[in-house]
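Chains, contacts and geometry: an overview
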Amino acid sequence: MRRTVFFLPTLRETPKEAEIVSHRLMLRAGMVRQASAGIYSWLPLGYKVLRRIEAIVREEQDRAGCQEVLMPTIQSADLWLKSGRYNDYGPEMLRIRDRHDRDMLYGPTNEELITDIFGESCRSYRDVPKLLYHIQWKFRDEVRPRFGVMRGREFLMKDAYSFDVDFEGAKRSYNKMFAAYLRTFARMGLKAIPMEADTGPIGGNLSHEFIILADTGESEVFCHQNFIDFDVLSEAIDYDDDLEPMVRHWTELYARTDEKHDQTVFEAEVPEDKRVHRRGIEVGHIFYFGTKYSDPLGARVTLTDGSEQPVHMGSYGIGVSRLVGGIIEASHDEDGIVWPDSVAPFGVGLINLKVADEACVVACDGAYRQLVEAGLEPLYDDRDESAGAKFADMDLIGLPWQLIVGPRGLKNGVVELKRRASGEREELSLESAMARLTEGRG
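Described below are features of the structure shown in this document. (Residues numbered from 1 in each chain as written. Predicted model: local features only at pLDDT ≥ 70, side-chain atom pairs only at ≥ 80, totals over all residues. Heavy atoms only, no water.)

Observations regarding the overall build of the protein chain
Summing up its helical and strand segments, the protein chain has 13 helices and 24 strands in all. Here the protein chain has a C-alpha radius of gyration of 25 Å; the compact-globule value for 442 residues is 22 Å, and the two agree. Principal-axis analysis of the C-alpha atoms places the extent of the protein chain at approximately 85 × 60 × 45 Å. Of the contacts formed within the protein chain by residues at least 6 apart in sequence, a portion of 69% connects residues at least 24 apart. When the accessible surface of the protein chain is summed, it comes to about 20,500 Å², and 45% of that surface belongs to carbon and sulfur atoms. (Helix = DSSP H or I, 4+ residues; strand = E, 2+ residues; numbered from the N terminus. Rg over C-alpha atoms; globule rule 2.2 N^0.38 Å. Contact = heavy atoms within 4.5 Å. Areas by Shrake-Rupley, 256 points an atom, 1.4 Å probe, with all protein chains shown as cover.)

Things to note about a negative patch on the surface
On the surface, Asp238, Asp240, Asp241 and Asp242 cluster together into a patch of negative charge. Relative to the helices and strands, Asp240 is located in the loop between helix 6 (225–229) and helix 7 (244–251). On the basis of relative accessible area, Asp240 is assigned to the exposed category, the value being 74%. (Patch = residues over 30% accessible without salt bridge, like charges linked within 9 Å, V, L, I, M, F, W, Y side chains within 5 Å. Salt bridge = Lys/Arg side-chain N within 4 Å of Asp/Glu carboxyl O. Lys, Arg positive; Asp, Glu negative; His and termini not counted. Charge placed at Lys NZ, Arg CZ, Asp CG, Glu CD. Buried < 20%, exposed > 50% of the residue type's maximum accessible area, 1.4 Å probe, protein only.)

Some points on the side chain of Lys418
Relative to the helices and strands, Lys418 is located in strand 23 (residues 415–419). Owing to a relative accessible area of 7%, Lys418 belongs among the buried residues under this scheme. Engagement of the side chain of Lys418 in a polar contact is seen with the side chain of Asp395, the distance being 2.9 Å. In this structure Lys418 touches Asp395, Pro400, Trp401, Gln402, Gly423, Glu424 and Arg425, once residues within four positions along its chain are discounted. (Polar contact = N/O pair within 3.5 Å; in protein donor to acceptor, adjacent residues only side chain to side chain.)

Focus: the sheet that holds strand 23
The strand order 21-20-22-23-24 describes an open sheet built from 5 strands, whose pairing is mixed. Only two strands of the sheet have a single neighbouring strand rather than two, namely strand 21 (378–381) and strand 24 (425–428). Direction aside, the axes of adjacent strands within the sheet are offset by 20 degrees on average. In this structure, strand 22 (residues 401–405) lies alongside strand 23, joined through 4 bridges in antiparallel fashion. From the neighbouring strand, Gln402 faces strand 23, where its bridge partner is Lys418. Across the sheet, helix 10 (residues 358–373) is in contact with strand 20 (348–352), strand 21 and strand 22; its angle to strand 20 comes to roughly 165 degrees. Where helix 11 (residues 387–397) meets the sheet, its contacts fall on strand 20, strand 21, strand 22 and strand 23, and the angle it forms with strand 20 comes to roughly 175 degrees. (Pairing = 2+ DSSP bridges. Axes fitted to C-alpha atoms, helices over the stretch in contact; angles between N-to-C directions.)

What about the environment of Ile53?
Within the fold, Ile53 resides in helix 2 (residues 44–63). Residue Ile53 is classed as buried on the basis of its relative accessible area of 0%. Residues Ile53 and Ser36 lie 17 residues apart in sequence; the distance between their C-alpha atoms is 24 Å. Aside from chain neighbours lying at most four places away, what touches Ile53 is Met188, Val320, Leu323, Val324, Ile327 and Val343.

Given below as structure tokens:
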């Protein structure tokens, strides 16, 4: 994409309403614009990042055996009345009426609807287990939305639901999601710590929040250094196998804060010199809730002896749009965003330092074509702007690589290649730079 064509309204000054780093940088980098309190329009740069995150989430859900569906944003109140949540949910739920005076709502979550779908179609123990998910916009009318996409009213969420015949089956589904979540966040360049969470009125003892490490995070994280060093992507995960031993090993490496006694409780004995205290941001939550919804909504299966029982269920959420802000909170510097390669909106920022110079134009046009053919999706800054403005914009939007072409360098047979994450710069021939960037591609 050429910068002269791409819609990228960057800002030099930080809008006064932006309180945290990710909100400031998303506004300055032209990723989003506020439509109303807690509701944002996603502009091309931000939307590309959102779609890349969504793609990773989808791939890992599919890999774990989940099947994708798509449920509507507007739901009938009838199912929520059956489950007992319609009147209990609170003012965060946006309640509306259609022209026929029927009570409707803008879905804040989908337990009732997915349970009804399953219950209408599956009647036998042979129909389980099932894992279903969708990626859909949600709305919760927060009393004080703030921090940009980190705590908005409208947000994109992946929510998955498991259906099993009993608790043991439900636990296997839970473990699949546990492993899938660690892989999902690791692929985004994030270290996610699973923290045992309170299940609240749902009950049970299976609930984990996934917290990504970020110095600006609002949660405290205590864990074993081995978990920080652990590379989950190096693990061969067989989702058809019993994942209980693997999950138990992972959970032994984290800790939780005991709020009642205001002390840190480690799941296993951890040497003091291996205890890590960091801050983090919650980006996912998984929990088992048994028959809380299947019982009142009639989602039952017939067993081998002819009796019926409600299915055991679990729910698994990932804040897809929240992750955009979370990644920025975890990966930025004083100059702007530093995108991990896997979620970057473009692979390379190509900078022409002098658009009036014919040699620069020829070299950049040729490099642009090669990068496109290699599937690197370059953003080609071909604007008639100062070098300083181009460097500042490229650092702000945080693309993994910058390929800088100027007349002085070309006369000496070199261009400059910069790695955004480390700031490392290297002068080398254009051919060598292209080989470095396209290595292992197409």
